[in-house]
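Next come the chains, spelled out residue by residue.
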Amino acid sequence: MKETNLGEFQEVILLVILSQENRTYGAEIQRVLKEDLDRTISRGSLHTALTRLEQKGFITSEIGGATRERGGRRKKFFSVSNSGRASLIEAREIRERLWNKVPQVVLKGI
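Residues numbered from 1 in each chain as written. Predicted model: local features only at pLDDT ≥ 70, side-chain atom pairs only at ≥ 80, totals over all residues. Heavy atoms only, no water.

**Student:** How should the side chain of Thr24 be read in this particular structure?
**Tutor:** Residue placement: Thr24 occurs in strand S1 (residues 24-25). The contacts of Thr24, once residues within four sequence positions are left out, are Ile17, Ile29, Lys76, Phe77 and Phe78. (Helix = DSSP H or I, 4+ residues; strand = E, 2+ residues; numbered from the N terminus. Contact = heavy atoms within 4.5 Å.)

**Student:** Looking at this structure, I do not really get the packing of aromatic side chains. What am I missing?
**Tutor:** Ring pairs (aromatic) are described by centroid distance and by the angle formed between their planes. In this structure the tally under the stated criterion is 1 aromatic pair. Seen from their ring centres, Tyr25 and Phe77 are 5.8 Å apart, and the 80 degrees between their planes marks the pair as edge-to-face. On the criterion of sequence distance, the pair formed by Tyr25 in strand S1 and Phe77 in strand S3 (residues 76-80) is long-range, its members being 52 residues apart. Owing to a relative accessible area of 22%, Tyr25 belongs among the partly exposed residues under this scheme. (Phe/Tyr/Trp six-rings, centres within 6.5 Å; stacked < 30°, edge-to-face > 60°. Buried < 20%, exposed > 50% of the residue type's maximum accessible area, 1.4 Å probe, protein only.)

**Student:** I would appreciate a short explanation of the environment of Val105 in the present structure.
**Tutor:** Along the chain, Val105 falls in helix H5 (residues 104-107). The exposure class of Val105 is exposed, given its relative accessible area of 60%. In sequence terms Val105 and Thr51 are 54 residues apart; their C-alpha atoms lie 41 Å from each other.

**Student:** Whenever I open this one, the environment of Thr67 confuses me. Can you help?
**Tutor:** Within the secondary structure, Thr67 sits in the loop between strand S2 (59-63) and S3. Residues Thr67 and Arg95, 28 residues apart in the sequence, show an inter-C-alpha distance of 42 Å. Residues in contact with Thr67, not counting those within four places in the same chain, are Gly72 and Arg73.

**Student:** Hey, could you run me through helix H1 (residues 8-19) in this one?
**Tutor:** A turn of α-helix holds 3.6 residues, and therefore any two residues three or four places apart point the same way. Here H1 spans 16 Å end to end across 12 residues, near enough to the 16 Å set by a 1.5 Å rise per residue. Among the residues making up H1, those that are buried are Phe9, Gln10, Glu11, Val12, Ile13, Leu14, Val16 and Ile17. At its buried positions, H1 is contacted by S1, helix H2 (26-37), helix H3 (43-55), S2, S3 and helix H4 (82-101). (Expected span 1.5 Å × (residues − 1).)

**Student:** Teacher, can you tell me more about the pattern of salt bridges here?
**Tutor:** Pairing between side chains becomes possible if they bear opposite charge and their charged atoms approach one another. Under the criterion given, the structure shown has 7 salt bridges. Glu62 is paired through a salt bridge with Arg23; the nearest N and O atoms lie 3.5 Å apart. Taken together, the positions of Glu62 in strand S2 and Arg23 in the loop between H1 and S1 put the pair 39 residues apart, joining distant regions of the chain. Among the residues examined, Glu62 registers a relative accessible area of 41% and is labelled partly exposed. (Salt bridge = Lys/Arg side-chain N within 4 Å of Asp/Glu carboxyl O.)

Here you go:
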């Protein structure tokens with residue numbers, strides 16, 4: 001049975017991939033996380049999250065062509081699948097429902 005829960009870090013990664021026109025690679029994801037969220041993550045942490053997202057069917061990957069600028073190495077590109085997009089929408093709806101239940105008075109003074 002496929003796991004369908006989406007953790008916060010996984011949600012952020014899916015959003016970063018989509019923000020890059022739904023096709024990007026690991027180093028670019030790291031760069032966006034650092035620049036947009038001031039969040040530094042290790043390559044290993046990112047790789048683990050990407051592997052889990054792929055196992056859940058939320059992303060797909062493909063190996064790009066070798067480039068001279070990368071010394072002949074290839075990049076692995078990631079895209080968000082339809083089930084990944086559906087999971088993001090569901091996560092957003094859940095958050096919005098919960099936020100709508102929070103009384104405004106609770107957030108005053110913060």
